[in-house]
Amino acid sequence: MPVVVEPQDQSVAALLPLLPAGSQVVASRGPLSGWLDRHLDEYVVVVGPGVDLETGLAISHELRTTRPTVSVVLVVGHVDTAVLVRAMKAGARDVVALGDTAAFTTAVRQAYDTSEALRGPSGARHVGRLITVFSPKGGVGKTTVAVNLALALSEGGARRVCLVDLDLAFGDVAITMQLSPTHTIEQAIGSEVSLDLATVEGLLTRHQGSLMVLAAPLHPDVRERVTPALVVTVLRTLKESFDFVVVDTPPSLDDQILTALDETDECIVVAGLDVPTLKNVKVALETLDVLNIARGHRHLVLNRADEAVGIDVDRVQTILQMPVSAQLPSSLGVAAATNSGTPIVTGEPGHPVSQAIRRLAASLSGVTVAPPTSSDGRHASGAPRARRGMFGRRRKEPA
């Protein structure tokens, strides 16, 4: 999918509708390098008018020799002969003026054709990883973990990440991130069979350029109309376009959530250091065992993990019979960040909670996840066949 290098929201809004569904945005050259390292099938880099010309020429010059199958299209405010000559010498495929829709779409299409001719159609199908954040107890910070984990995984745009709010009655992802979505999963109801990537992309809300969000319905009564079949279709469609799909869930094991867990690659189980929460988590884990869901792919996260409450980590691991993957200390800074609409991973990248979440993201992605370079929240930038288990649920065959 095309990647756009552009720091200005207005230019992003003008360019994205002209590109294929699934196109990515990064704000600077740094995240672009990370994106290209992880997406070897990329065919075009669009350098927007908000990037200074020298940087755009440097990108063109570098990619001409290091990635000959990747074309660079420079979008500028005004095209003149001097800019054209310099761009062509640097190796850019084309230079177009912002607003020249025909020239821009032609340049991108030609970039795709050139890439296909150079590398040959591979037929490879991208499949991302689904990470479900779950807890059977409300109020343990599950949404906070999901939001910050998704941002850490995106690495300022170097990875394409979508955050899905499956708390269909009382989802808080949008308000936590101060988003005002015009569409939610509600608009996909009834599209279980016909849903495609372009349609799903139209339901997403962009957060600061890189992270995409599929918001929960605005009204609780919609929940009953979101079928498990729709959940499966949405999640599988998103996995075809995104590197990671992070799912926030309600504190329940209803059909929609069991379906999401059944599709998950990694399950983050969030718990607090109190007896009622640990009891509920233990029961939930036993249920997942019975249904053979995410066995061997569960990660326990202790939130507000202060041993002064009388329960230490060793005791938790004994009770739940699983190791602790991450401990998030209590901090008023987390609540302040949530209330301000700037998640702590981006607002305070050096905070102990941010560091713990980035380490968790690193363990899930297999590579080190770098902190953002700014503190204002902007960018630094086969499987086993399934069979029916208990209660008619699908479950994976044991390995």
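Residues numbered from 1 in each chain as written. Predicted model: local features only at pLDDT ≥ 70, side-chain atom pairs only at ≥ 80, totals over all residues. Heavy atoms only, no water.

**Some details on the confidence of the model for the protein**
For the protein, the mean per-residue pLDDT works out to 84, and 88% of the residues sit at or above 70. When pLDDT is averaged over each helix and strand of the protein, the minimum, 33, is found for strand β14 (residues 386–388) and the maximum, 96, for strand β10 (residues 244–248). Between residues 371–399, whose pLDDT stays under 50, and residues either more than four places distant or in other chains, the model counts 69 contacts. (pLDDT = per-residue confidence, 0-100. Helix = DSSP H or I, 4+ residues; strand = E, 2+ residues; numbered from the N terminus. Contact = heavy atoms within 4.5 Å.)

**Observations regarding the sheet that holds strand β13 (residues 324–328)**
The mixed open sheet is built from eight strands, whose spatial order is β8-β9-β7-β10-β6-β11-β12-β13. On the outer flanks of this sheet lie β8 (205–207) and β13, each paired with one strand and no other. In this sheet, adjacent strand axes meet at a mean angle of 25° when their direction is disregarded. As paired strands, strand β6 (residues 129–134) and strand β11 (residues 266–272) are joined by four bridges and run parallel to one another. Bridging from a neighbouring strand, Phe 134 pairs with Val 269 of β11. (Pairing = 2+ DSSP bridges. Axes fitted to C-alpha atoms, helices over the stretch in contact; angles between N-to-C directions.)

**Focus: the packing of helix α6 (residues 142–154) against helix α15 (residues 352–365)**
Contact geometry for α6 and α15: axes closest at 9 Å, N-to-C directions at 60°. The angle between α6 and α15 falls in the class oblique. Regarding α6 and α15, the two cross each other, and that crossing is right-handed. Where α6 abuts α15, its residues Asn 148, Leu 149, Ala 152 and Leu 153 lie against Ile 357, Arg 358, Leu 360, Ala 361, Leu 364 and Ser 365. Its residues assigned to classes, the contact of α6 with α15 comprises seven nonpolar, two polar and one charged. (Parallel < 35°, antiparallel > 145°, perpendicular 65-115°, else oblique. Left-handed = near helix turned anticlockwise from the far one by under 90°. Nonpolar A, V, L, I, M, F, W, Y, C, P; charged D, E, K, R; others polar.)

**Concerning the sheet that holds strand β4 (residues 71–76)**
The parallel open sheet is built from five strands, whose spatial order is β2-β1-β3-β4-β5. Whereas interior strands pair on both sides, the edge strands pair on one side only; in this sheet they are β2 (24–26) and β5 (94–97). Neighbour-to-neighbour, the strand axes of this sheet turn through a mean angle of 25°, independent of strand direction. Strand direction decides the pairing type here: strand β3 (residues 44–47) and β4, joined by four bridges, are parallel. Within the sheet, the bridge partner assigned to Val 46 lies in β4 and is Val 73. Together, β1 (3–5), β2 and β3 form the strand contacts of helix α2 (residues 29–38), whose direction differs from that of β1 by roughly 165°.

**Some words on the pattern of salt bridges**
Under the defined criterion, the tally for this structure stands at 16 salt bridges. Arg 129 serves as the salt-bridge partner of Glu 266, at 2.5 Å between the closest nitrogen and oxygen. Taken together, the residues Glu 266 in strand β11 and Arg 129 in strand β6 connect sequence positions 137 residues apart. For Arg 295, the salt bridge identified is with Asp 289, shortest N-O distance 3.8 Å. (Salt bridge = Lys/Arg side-chain N within 4 Å of Asp/Glu carboxyl O.)

**Observations concerning the side chain of Thr 249**
Among the secondary structure elements, Thr 249 is positioned in the loop between β10 and α10 (255–263). Judged by relative accessible area, Thr 249 falls into the buried class, the value being 0%. Within the structure, Thr 249 has its side chain in polar contact with the backbone oxygen of Val 133 (distance 2.7 Å). In this view, Thr 249 contacts Thr 132, Val 133, Phe 134, Ser 135, Lys 142, Asp 167 and Ile 257; residues no more than four positions away in its chain are not counted. (Buried < 20%, exposed > 50% of the residue type's maximum accessible area, 1.4 Å probe, protein only. Polar contact = N/O pair within 3.5 Å; in protein donor to acceptor, adjacent residues only side chain to side chain.)

**Describing helix α12 (residues 313–320)**
Of the positions making up α12, those classed as buried are Val 313, Val 316 and Leu 320. Projected down its long axis, α12 carries its buried residues within an arc of 55°, all on one side. Set apart from the buried face of α12 by more than 90 degrees, the exposed residues are Asp 314 and Thr 318. Looking at the buried side of α12, the elements it contacts are α11 (275–290), β12 (298–303) and β13. Count one or two residues on from α12 and you reach Gln 321, which has phi positive near 55°. (Arc of directions from axis to C-beta.)

**Description of the packing of helix α3 (residues 53–66) against helix α4 (residues 81–90)**
Put simply, α3 and α4 touch, their axes get as near as 8 Å, and they point 30° apart. Regarding the angle of α3 to α4, the classification is roughly parallel. Facing α3, whose interface residues are Leu 53, Glu 54, Leu 57, Ser 60, His 61 and Arg 64, α4 presents Val 83, Arg 86, Ala 87, Lys 89 and Ala 90. Partitioned by chemical class, the residues of the contact of α3 with α4 number five nonpolar, two polar and four charged.

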